[in-house]
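# Breakdown of the fold
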Amino acid sequence: MSYWLNLLLPAISYGITLFALLLLYINGRKLIAIYRAGQPDPTRKNNGSSRMAHMLGEILGHTKMLNFTGTGIAHWFVMVGFVALFGTLITAYGQVLDPTFTLPFIGNFIPYEYFTELITVLTSLGILTLIFIRQYTRIFQKGRRSRFFGSGSLKAYYVEATIVAIAIFVSVLRGLEGALSSDTSWSWHYPFSWRLVLIFKQLPLDTILSSIQIVAALKIVVSMLWFIVIALNLTMGVAWHRFLAFFNIYYKRHSDGSPSLGELPEMFSHGRPIDFEDPSEDDIFGLGTRADISWKGLLDMTTCTECGRCQSQCPAWHTEKPLSPKLLIMAMRDHAMSKVVENESLVGESGPISYDVLWSCTTCGACVNECPVDIEHIDHIVNMRRFQVLVESQFPSELGGTFRNLENAGNPWGANRSDRESWIAECNFPIRVVEGQLPEDVEYLFWVGCAGAYEERAKKTTKAVAELLYMSGVSFAVLGKKETCTGDPARRAGNEFLYQILAKENLETFQEVFAGRTDKGRKKIVVTCPHCFTTIGRDYAQSGFELDVVHHTQLLNQLVREGRLTPVNKSEKKLTYHDPCYLGRHNQIYEAPRELLEATGVEITEMPRNRERSFCCGGGGGRMWMEENLGTRINLNRVDEAIATGAEEVAVACPFCRVMVSDGVSGRESDVEVLDVAQALLRSVKPSVSEGRLSADT
């Protein structure tokens, strides 16, 4: 019997290994060839040392995974086990030939043996925890409530079963190895497997030796079958992410390791930025077919683990809309990896992405912020919108009017340009309007924005900020009629051409206003709208003109700290604060608004979803000007959460949020008051508005 084992087991083990590695090599090259066929993206290879440091930090520290703490800890041990137990696989190849084989030098080294057994135990506990979480979710969070809804469960079960089997094989082998030893009492060589050692010591020697060979062969076969399965399934992200996640994180949009949020990527065609004033005939405008996907986009899609963390945070998905960031990436991946013609559309009735899915996105950034492998969902969505708008002219009808208003009137409402200064007449203090170059004695240019100039509720924020700056002695001026929309609604809705026109007009204005100020630190702009904040501060930097842009909550908080504004009328009202997506997730500004509110004496009661987990108001990504006909309203979902805190007031720091939350409060017929953080500060430093509800002109 041992003779046949000595022939058969090595033949099976080494034969399947050769086949698995050959198949993995062949199909791995196919995968690389698919990436290479993708559109070039030259922005991903800068600052290699910084990228490497952040990639290692994110993976080894599991910084994204730990957003789901229990899952993150369990996954960390499974990840470590995948690498750390490689030595046991090498040992198995020797054991199928010689059951007494150990690794040279370290095979009987106590620290190595202790480490191996410890990792085996922790990996076992980790994978069992992950299995429990998946099954608990499957049983108790059915349908759309489950983040695994739509994921390939059978693939996940196979991966989990493989890890469990490997952990069992390693433990059994350690027990059998100990049975061959002369140890008769607990030994540091077998710290966690000693009970198995005692059981196996009762077996005959020949049985122990043959058992080692059989279990070692089984370990090899199961391991190699895993490689064969993934080689035959290039879309099996739940397995492939073990190899691809390193690269996907390394090549993320921002080399400093920050989330791929904030500004949108420039439009590239054949690896070059598109010149919208003189585009080439063969330029690719956005993402319309598989052939238009960049190599990084393809890497994104094949790295997706189908874990559903993005789906669990998506406001569209939570309000019964068809968009799931996970299912979108999976659909794009399956389409890109299938044998379809290169010019088959990605979006439309015959494509993998429907119009309703594409236009449900608010670009809130929750998916990108949550993804443990740094997939850039928003970039893909906006690139598909760009193609639909610029090439197909297929977009929601409401956006047609918005685009025309932006083009003709310089604001999405189509209001008269001359009315941009109307709010100034409502102020009882002087406000300087810039004519030409900004005077040397003016420190800040106050960017009012379209909402701040035209929308009645947002105008209250504008006047409050202006008055606070005036009271603190900060010298500022506004552009008045020279302002035009930053282009945020156009760009996030896919109309890159219109954005370029608006951005160029504003950049020319900035160059005139800041003429003579060469240092970025002297080109100071304060804005009240996080969307303007992001566009001016980050999108415009792509044109090579950088400005020092601050949000009004940051500047006001600085003024309070410096003692230039002193809250004296402490509010006793209970208040909750809503984090705007474009201030929080897109720019990581969470503390300044809260510190300001705390300075006014209010009691802040946080909503369950706050800071980086804040729930969107529903107004981003151009959706402020689109009807919400699918599912339930996003703003009502958020308002229900705010009302449930028992707060008397909801503070915001964004004009879009103010409109959406105010409308939601009205829809719920609630008497909860909505105000901007600046208004809360103003009533605290100004006696005339310290009592009762805010006056209509504040």
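Computed from a predicted model, the values in this text were never measured in an experiment.

### What to know about the overall build of the chain
Each helix and strand in the chain was counted, giving 27 helices and eleven strands. A principal-axis box enclosing the C-alpha atoms of the chain has dimensions of 100 × 60 × 50 Å. For the chain, long-range pairs separated by at least 24 residues make up 76% of all intrachain contacts whose partners lie at least 6 apart in sequence. For the chain, the exposed surface amounts to about 28,600 Å²; the carbon and sulfur share of it is 58%. A gap of 4 Å separates the mean positions of the 68 positive and 76 negative side-chain charges of the chain.

### With respect to the pairing of strand S11 (residues 673-676)
Burial along S11 is two-sided: Glu673 and Leu675 facing one way and Val674 and Asp676 facing the other are all buried. For the crossover from strand S10 (residues 649-652) across helix H26 (residues 655-667) to S11, the handedness is right-handed.

### Section: the sheet that holds strand S9 (residues 603-604)
Spatially, four strands are ordered S9-S8-S10-S11 in an open sheet, and the strand pairing comes out parallel. In this open sheet, the two edge strands, each paired with only one partner strand, are S9 and S11. As paired elements, S10 and S11 share four bridges and run parallel to each other. Looking across to S11, one finds that Val652 is bridged to Asp676. Each of strand S8 (574-577), S9 and S10 is contacted by helix H24 (residues 591-599), which is oriented at about 170° to S8, the strand it contacts most.

### A closer look at the nonpolar core
If you look at the biggest cluster of nonpolar residues, it comprises 155 residues, and the most contacted ones within it are Phe510, Ile525 and Ile536. A total of 13 residues in this core trace back to one element, the largest contributor, which is helix H8 (residues 205-232). Those residues within four positions of Ile536 in sequence are excluded, and the remaining contacts are Trp447, Thr486, Phe510, Ile525, Val527, Leu547 and Val549. Within the second largest apolar cluster, 17 residues are counted, among which are Cys617, Val650, Val661 and Val672.

### Digging into the packing of helix H5 (residues 110-140) against helix H6 (residues 153-180)
Pairs of packed helices are described in terms of their axes, by the angle between the two and the distance that separates them. For the pair H5 and H6, interaxial distance at closest approach is 10 Å and the crossing angle is 150°. When the axes of H5 and H6 are compared, the pair comes out roughly antiparallel. Viewed along their axes, H5 and H6 form a crossing whose handedness is left-handed. Contacts between H5 and H6 involve Glu113, Glu117, Thr120, Thr123, Ser124, Ile127, Leu130, Ile131, Arg134, Gln135 and Arg138 from the first element and Ala156, Tyr157, Glu160, Ile163, Val164, Ala167, Val170, Ser171 and Arg174 from the second. Here the contact of H5 with H6 is built from residues that sort into nine nonpolar, five polar and six charged.

### Notes on the side chain of Thr528
Relative to the assigned elements, Thr528 resides in the loop between strand S6 (524-527) and helix H22 (530-539). You can call Thr528 buried: its relative accessible area is 4%. In this structure Thr528 touches Phe446, Trp447, Val448, Thr461, Val465, His551, His552, Ala653, Cys654 and Pro655, once residues within four positions along its chain are discounted.

### Side note on the sheet that holds S6
Spatially, the five strands line up as an open sheet ordered S3-S5-S4-S6-S7, and their pairing is parallel. Only two strands of the sheet have a single partner each, and these edge strands are strand S3 (432-433) and strand S7 (548-551). Its contacts with the sheet place helix H23 (residues 552-561) against strand S4 (444-447), S6 and S7, and it is angled at close to 80° to S7.

### A word on the packing of aromatic side chains
Counted by the stated rule, this structure contains 28 aromatic pairs. An angle of 45° between the planes, with centres 5.7 Å apart, marks the rings of Phe149 and Trp317 as tilted. Taken as a pair, Phe149 in the loop between H5 and H6 and Trp317 in helix H12 (residues 315-318) lie far apart in primary sequence, 168 residues in all. Using a relative accessible area of 35% as the deciding quantity, one classes Phe149 as partly exposed. Ring centres of Tyr251 and Trp295 lie 5.1 Å apart, and the angle between their planes is 90°; this geometry places the pair in the edge-to-face category. Here Tyr251 is found in the loop between helix H9 (237-250) and strand S1 (268-269), whereas its partner Trp295 is found in helix H10 (residues 295-303), with 44 residues between them in sequence. Owing to a relative accessible area of 16%, Trp295 belongs among the buried residues under this scheme. These aromatic residues form a ring-pair network of at least three members: Phe82, Trp226, Phe227, Trp240 and Phe243.

### What to know about the pattern of salt bridges
Throughout the structure, instances matching the rule amount to 48 salt bridges. Notably, a salt bridge pairs Glu117 with Arg174, separated by 2.9 Å at the nearest N-O pair. Residue Glu117 is located in helix H5, and its partner Arg174 is located in helix H6; the two are separated by 57 residues in the primary sequence. The exposure classification of Glu117 matches that of Arg174, with both residues buried. Arg609 serves as the salt-bridge partner of Glu641, at 2.8 Å between the closest nitrogen and oxygen. Remark: Arg609 occurs in the loop between S9 and helix H25 (634-644) and Glu641 occurs in helix H25; sequence separation between them is 32 residues. Owing to a relative accessible area of 22%, Arg609 belongs among the partly exposed residues under this scheme.

### Considering a nonpolar patch on the surface
Judged by side-chain polarity, Ile110, Tyr114, Val121, Leu125, Trp186, Trp188 and Phe192 come together as a nonpolar surface patch covering roughly 660 Å² of accessible area. Secondary-structure assignment places Val121 in helix H5. Relative accessible area serves as the criterion here: at 32%, Val121 is assigned to the partly exposed category.

### Overview of the confidence of the model for the chain
The pLDDT averaged across the chain works out to 93; a share of 97% of its residues lies at or above 70. Per-residue pLDDT, averaged within each element of the chain, yields its smallest value for S9 (91) and its largest for S4 (98). Note on residues 689-698: pLDDT is under 50 here. Beyond four places in sequence and across chains, it has 19 contacts.

### Topic: the packing of H24 against helix H27 (residues 677-685)
Axis separation between H24 and H27 bottoms out at 9 Å; the angle between their running directions is 25°. With respect to H27, the axis of H24 lies roughly parallel. The handedness of the crossing between H24 and H27 comes out as left-handed. Contacts from Pro593, Leu596 and Leu597 in H24 reach Val677, Ala680 and Leu681 in H27. Its residues assigned to classes, the contact of H24 with H27 shows six nonpolar, no polar and no charged.

### Topic: the environment of Gln394
Mapped onto the fold, Gln394 is located in the loop between helix H16 (377-392) and helix H17 (397-409). In sequence terms Gln394 and Gln313 are 81 residues apart; their C-alpha atoms lie 28 Å from each other.

How each quantity is defined
- Residues numbered from 1 in each chain as written.
- Predicted model: local features only at pLDDT ≥ 70, side-chain atom pairs only at ≥ 80, totals over all residues.
- Heavy atoms only, no water.
- Helix = DSSP H or I, 4+ residues; strand = E, 2+ residues; numbered from the N terminus.
- Contact = heavy atoms within 4.5 Å.
- Areas by Shrake-Rupley, 256 points an atom, 1.4 Å probe, with all protein chains shown as cover.
- Lys, Arg positive; Asp, Glu negative; His and termini not counted.
- Charge placed at Lys NZ, Arg CZ, Asp CG, Glu CD.
- Buried < 20%, exposed > 50% of the residue type's maximum accessible area, 1.4 Å probe, protein only.
- Right-handed = clockwise from strand over helix to strand, strands pointing away.
- Pairing = 2+ DSSP bridges.
- Axes fitted to C-alpha atoms, helices over the stretch in contact; angles between N-to-C directions.
- Core = buried A, V, L, I, M, F, W, Y, C linked by side-chain atoms within 4.5 Å.
- Parallel < 35°, antiparallel > 145°, perpendicular 65-115°, else oblique.
- Left-handed = near helix turned anticlockwise from the far one by under 90°.
- Nonpolar A, V, L, I, M, F, W, Y, C, P; charged D, E, K, R; others polar.
- Phe/Tyr/Trp six-rings, centres within 6.5 Å; stacked < 30°, edge-to-face > 60°.
- Salt bridge = Lys/Arg side-chain N within 4 Å of Asp/Glu carboxyl O.
- Patch = residues over 30% accessible without salt bridge, like charges linked within 9 Å, V, L, I, M, F, W, Y side chains within 5 Å.
- pLDDT = per-residue confidence, 0-100.

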